[in-house]
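Residues per chain, in single letters:
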Amino acid sequence: MTLTLHGYWRSSAAYRVRLALALKGLHHDSVAHDLRIGAQRADDYRALQPQGLVPVLEGPDGPLIQSPAILEWLEERFPDPPLLPFDTAGRAVVRAMAALVACDIHPINNLRVLTMLRQDMGADEAAIRRWIGHWIAEGFAALEMLIVRHGRGFAYGDTPTLADCHILPQVYNAERFAVDLTPYPALVASAEKLRHAVPQAAPDRQADAG
Ligand SMILES: N[C@@H](CCC(=O)N[C@@H](CS)C(=O)NCC(=O)O)C(=O)O
């Protein structure tokens, strides 16, 4: 089965998918779309992803969009190793952790939001960093509490889950923007554990990095 991931090395949403693919031991081909030059908005790419966002995963079920849906698809199609706990309560916690990143941190710090803040609202780089840092800190404070409660090495339990696939890319974003991570030791430790488990998924290991 051929799986082709359309992404960009620094895209944290694409990084989520690379992590899940790596954890499941799945090979994939990569197609890079340079977000800095707006390649994601080209007509032929919008035919795959009408929003003009990365990632897209092309496979036997057609082009799949929205990284949370792609991760759920991978989990259903390739259940071994599982990235969700077996019990319904645990699944709800893992999905909540993932949603905390995917719904409440990442979208308001996305490139198109930052571009609007810069271009239409007159925000300078100091204001942009304050904006990003604020939303990451608020979300990470809550995540830290959840990881202390549920984690045993990883964010939930002692094996990686879909929660970790969301958290590590968000930590990568936080590092890019020099957000202070010292208040979140459990979160950082869980992210480091995943980073070391699947180094091949890291942004700087991608062919288009630079
Ligand atoms: N909810 C979407 C978000 C995708 C997304 O925001 N991708 C970013 C990169 S991380 C992007 O393509 N940004 C381009 C832009 O904002 O123009 C998903 O999880 O797939």
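Keep in mind that this is a model prediction, so the values were computed, not measured. Numbering of residues starts from 1 in every chain and runs along the sequence as written. Per-residue local features of the predicted model are confined to residues with pLDDT of at least 70, and side-chain atom pairs are confined, for both listing and counting, to 80 or more; whole-chain, interface and lining totals are unaffected and use all residues. Side-chain calculation: all heavy atoms of the structure are included, whereas hydrogens and water are not.

### Quick look at the pairing of strand E2 (residues 29-32)
Pairing of strand E1 (residues 4-7) with E2, which is carried by four bridges, proceeds in the parallel orientation. Note that in E2 the partner of Leu 5 across the bridge is Ser 30. Clockwise travel from the first strand over the helix to the second, with the strands pointing away from the viewer, marks a crossover as right-handed. Runs of E in the DSSP output that reach at least two residues are strands. Runs of H or I that reach at least four are helices, and both are numbered from the N terminus. Assessed by its sense of winding, the connection that carries the chain from E1 through helix H1 (residues 12-23) to E2 is right-handed. Pairing between two strands requires that DSSP report at least two bridges joining them.

### Here we look at the site of the ligand
Nearness of a residue to a molecule or strand requires only that one of the residue's heavy atoms be within 4 Å of it. Neighbouring residues of the ligand: 17 residues in total, closest Gln 40, Val 54, Gln 66, Ser 67 and Asn 110. Between the ligand and Arg 16 there is a distance of 3.3 Å, counted from an oxygen atom to a side-chain nitrogen or oxygen. Any pair of N or O atoms that falls within 3.5 Å is considered a polar contact. Within protein, one atom must be able to donate a hydrogen and the other to accept it, and sequence-neighbouring residues count only if both atoms are side-chain atoms. One of the side-chain N or O atoms of Gln 40 is found 2.9 Å from an oxygen atom in the ligand. Values of accessible area rely on a 1.4 Å probe in the Shrake-Rupley scheme; residue burial ignores everything except the protein chains shown. For the ligand, whose free accessible area comes to 520 Å², the fraction covered by protein is 91%. Residue assignment for the shell around the ligand shows that the elements contributing at least two residues are H1, helix H3 (67-77) and helix H5 (111-119). Looking at which element gives the most residues to the shell around the ligand, the answer is H1, with three residues. Both domain 1 (4-81) and domain 2 (88-197) contribute no fewer than three residues apiece to the shell around the ligand. Reported domain spans reflect what an automatic or database domain assignment gives.

### Concerning the domain arrangement of the chain
Taken domain by domain, the chain comprises domain 1 (4-81) and domain 2 (88-197). Here the C-alpha centre of domain 2 lies 19 Å away from the C-alpha centre of domain 1. Taken together, the 16 residues of domain 1 in the interface contact 19 residues of domain 2. Throughout, the accessible surface (probe 1.4 Å) given up by two parts as they are put together, summed over both, is called the buried area. At the boundary of domain 1 with domain 2, total buried surface from both sides reaches about 1,500 Å², with 64% on carbon and sulfur atoms. When the buried surface of domain 1 facing domain 2 is broken down by residue, Arg 10, Tyr 15 and Arg 16 rank first, second and third, together holding 35% of it. Within this document, salt bridges are pairs made up of a side-chain nitrogen of Lys or Arg and a carboxyl oxygen of Asp or Glu, the two lying within 4 Å of each other. Remark: the boundary between domain 1 and domain 2 carries one salt bridge. A salt bridge links Glu 72 to Arg 95; the nearest nitrogen and oxygen atoms lie 3.0 Å apart. Scanning the region where domain 1 abuts domain 2 turns up four residue pairs in polar contact (both at pLDDT 80 or more). Elements supplying a minimum of two residues to the side of domain 1 that touches domain 2: H1 and H3. At seven residues, the largest contribution of residues to the side of domain 1 that touches domain 2 is made by H1. By the convention used here, residues are in contact when the closest approach between their heavy atoms is within 4.5 Å.

### Remarks on the side chain of Asp 164
Topologically, Asp 164 is positioned in helix H7 (residues 162-176). Think of it in three bands: residues with accessible area under 20% of the maximum for their type are buried, residues over 50% are exposed, and the middle band is partly exposed, with areas taken using a 1.4 Å probe on protein chains only. Positive charges come from Lys and Arg, negative ones from Asp and Glu, while His and the chain ends are left out of the count. For the buried residue Asp 164, which engages in no salt bridge, the nearest side chain bearing the opposite charge is Lys 193, 9.6 Å off. In this structure the side chain of Asp 164 is engaged in a polar contact, spanning 2.9 Å, whose partner is the backbone nitrogen of Ala 155.

### Description of the packing of H1 against H3
The axes used here are C-alpha line fits, helices contributing only the stretch in contact, and every angle between their N-to-C directions lies in the interval 0 to 180 degrees. In the contact formed by H1 and H3, the axes pass within 9 Å of each other and the chain directions differ by 10 degrees. The orientation of H1 with respect to H3, classified from their angle, is roughly parallel. In this structure, H1 contributes Ala 13, Arg 16, Val 17, Ala 20 and Leu 21 to the contact, and H3 contributes Ser 67, Pro 68, Ile 70, Leu 71 and Leu 74. When residue character is reported, Ala, Val, Leu, Ile, Met, Phe, Trp, Tyr, Cys and Pro are called nonpolar, Asp, Glu, Lys and Arg charged, and the others, Gly included, polar. Of the residues belonging to the contact of H1 with H3, the class tally is eight nonpolar, one polar and one charged. With respect to orientation, any angle under 35 degrees is reported as roughly parallel, any angle over 145 as roughly antiparallel, any angle of 65 to 115 as roughly perpendicular, and every other angle as oblique.

### A closer look at helix H8 (residues 185-197)
Multiplying 1.5 Å by the residue count of a helix minus one yields the expected span of that helix. Compared with an ideal rise of 1.5 Å per residue, which puts 13 residues at 18 Å, H8 spans 18 Å between its outermost C-alpha atoms and is within 8% of the ideal. Of all the positions in H8, only Leu 187, Ser 190, Ala 191 and Leu 194 are classed as buried. Buried positions in H8, seen along its axis, are confined to an arc of 100 degrees and lie on one side of it. For H8, the exposed residues set more than 90 degrees away from the buried face come down to Pro 185 and His 196. Residues of H8 that are buried sit in contact with H1, helix H6 (125-150) and H7. In this description, the arc belongs to the directions extending from the helix axis to the C-beta atoms.

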